[in-house]
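Architecture at a glance
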Amino acid sequence: MELPSVPAGVTTVITSGKLPPECAAFFTSGGALADEADWSHVASAVDAYLASGGGDASVRGALALAGAYGRLDALEDCPEPDDMDEDNDRAVELLQAAEANGVDENETSEVWWYSARMRSRAAELRDYLAETDAYIEKHGSTPWGRLEAKLGRAHDLYSAGDRAAALPLFREVAEISPWDSEFSGCFDRVDVGWCRLLHDAAHVDGPEAARKIWQEARAHYRAAKFPLTMHSWQLAEILLGTGVPDIVEVIIYEWLEDAEEAGTSEVPVTEDEHRIFQLALAEIEGSRSVR
């Protein structure tokens with residue numbers, strides 16, 4: 001949920017030349033925030049100015065609105081619901097001051113709406129944190145942490161040569177539904193489970209076993225979205241030379257499509273990605289030449 005655009009009256013007073021110096025310092029001559037300034041700086045300056053009781057009465061309403069806007073701007077990334085409520089309380093006081101000093105309700109309505117929504121979000125966050133604390137007290141870790149611990153045990157077993165004990169643990173993680181369970185949101189851990197199963201099948205049981213795992217993973221919960229983009233290059237690399245250039249091709253080109261959609265047209269980015277990309281292309285082209 002995005003903060004509404006800066007109210008027109010605030011923009012007008014910023015560019016009017018009437019701002020007190022302690023507030024004007026945070027803006028360029030064109031009315032934009034100066035480098036390394038943010039709206040929380042503006043809010044603090046407005047609080048100090050209004051507390052002094054002096055200055056031009058004609059700009060006090062717009063300044064109060066600017067201060068409210070600055071207080072609310074910081075809420076999106078605030079991790080503590082109590083801090084969110086504290087800043088929101090001050091924003092409400094400033095909104096009231098803005099209207100008391102002549103700012104029309106048409107100017108403040110969207111900011112009031114955003115304040116109410118962030119109040120609700122703080123309450124939701126407070127409930128979520130309480131539920132998380134209760135879950136940790138019962139299980140000893142978060143859902144994500146539980147899956148990570150299970151993957152860690154599986155990795156250690158696999159590294160020690162106990163494949164028979166490791167694979168069921170990898171599969172337990174892989175087959176979890178992150179949509180309708182306590183593990184909602186643990187996509188990356190579930191994805192790792194499938195990647196490890198696919199890696200094992202390709203290197204131990206052969207191409208057909210790998211293709212079977214691949215089909216299972218693709219059908220599990222994201223259809224054609226396995227693997228997650230963050231794991232694409234690593235998975236492509238570990239599958240090179242295992243006889244599944246068809247799978248490598250899908251992984252590489254879906255990664256490129258995702259990068260293009262995200263606006264990252266110059267891919268691969270790092271030297272390591274470039275190396276893997278070139279190796280993958282060579283393997284894909286080589287498989288086509290022998291068909």
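Description of the structure in this document. (Residues numbered from 1 in each chain as written. Predicted model: local features only at pLDDT ≥ 70, side-chain atom pairs only at ≥ 80, totals over all residues. Heavy atoms only, no water.)

Further remarks concern the environment of Ser177. Relative to the assigned elements, Ser177 resides in the loop between helix H8 (163–174) and helix H9 (187–205). Taking the C-alpha atoms as reference points, Ser177 and Phe187, 10 residues apart in sequence, are found 8.8 Å from one another. (Helix = DSSP H or I, 4+ residues; strand = E, 2+ residues; numbered from the N terminus.)

The interhelical angle for the contact between helix H10 (residues 207–220) and helix H12 (residues 245–261), taken along N-to-C directions, is 35 degrees, at an axis separation of 10 Å. Only Asp246, Ile247, Val250, Ile251 and Glu254 of H12 make contact with H10, whose side of the interface consists of Ala210, Arg211, Trp214 and Arg218. Tallied by class, the residues present in the contact of H10 with H12 amount to 5 nonpolar, no polar and 4 charged. (Axes fitted to C-alpha atoms, helices over the stretch in contact; angles between N-to-C directions. Contact = heavy atoms within 4.5 Å. Nonpolar A, V, L, I, M, F, W, Y, C, P; charged D, E, K, R; others polar.)

Among the nonpolar cores identified, the biggest contains 44 residues, and Phe170, Trp194, Leu198, Phe226, Leu239 and Ile252 are the most heavily contacted of them. Every element with two or more residues in this core is listed here: helix H7 (143–159), H8, H9, H10, helix H11 (229–239), H12 and helix H13 (271–289). With 8 residues, the single largest contributor to this core is H9. Apart from the residues within four sequence positions on either side, Phe226 is in contact with Asp191, Trp194, Cys195, Leu198, Trp214, Ala217, Arg218, Leu235 and Glu254. Counting residues in each nonpolar core, the second largest holds 34 residues, with Trp39, Val42, Leu95 and Tyr114 among its members. (Core = buried A, V, L, I, M, F, W, Y, C linked by side-chain atoms within 4.5 Å. Buried < 20%, exposed > 50% of the residue type's maximum accessible area, 1.4 Å probe, protein only.)

Next up on the list: the packing of aromatic side chains. Under the criterion given, the structure shown has 6 aromatic pairs. Among the aromatic residues, those joined into a ring-pair cluster are Phe27, Trp39 and Tyr69. The ring of Tyr158 carries Arg196 above its face, with NZ or CZ at 5.5 Å from the centroid. (Phe/Tyr/Trp six-rings, centres within 6.5 Å; stacked < 30°, edge-to-face > 60°. Lys NZ or Arg CZ within 6 Å of the ring centre and 35° of its normal.)

With 14 residues, helix H3 (residues 39–52) ought to run about 20 Å at 1.5 Å a step, and its terminal C-alpha atoms sit 20 Å apart, in line with that. For H3, the set of buried residues is Trp39, Val42, Ala43, Ala45, Val46, Asp47, Tyr49 and Leu50. At the C-terminal side of H3, Gly53 shows a positive phi close to 80 degrees. (Expected span 1.5 Å × (residues − 1).)

Right, let's talk about the state of the cysteines for a bit. Throughout the structure, instances matching the rule amount to 0 disulfides. Summary of cysteine pairing: Cys186 is not part of a disulfide, and the nearest cysteine sulfur, belonging to Cys195, is at 16 Å. (Disulfide = S-S within 2.5 Å.)

Take the environment of Pro20 next. Looking at the secondary structure, you find Pro20 in the loop between helix H1 (8–15) and helix H2 (21–24). Pro20 gets classed as buried once you look at its relative accessible area, which sits at 8%. As a C-alpha pair, Pro20 and Leu63 span 43 residues in sequence and 9.5 Å in three-dimensional space. Once residues within four sequence positions are removed from consideration, Pro20 is found in contact with Tyr49 and Leu63.

That's the geometry; what it means functionally is another story.
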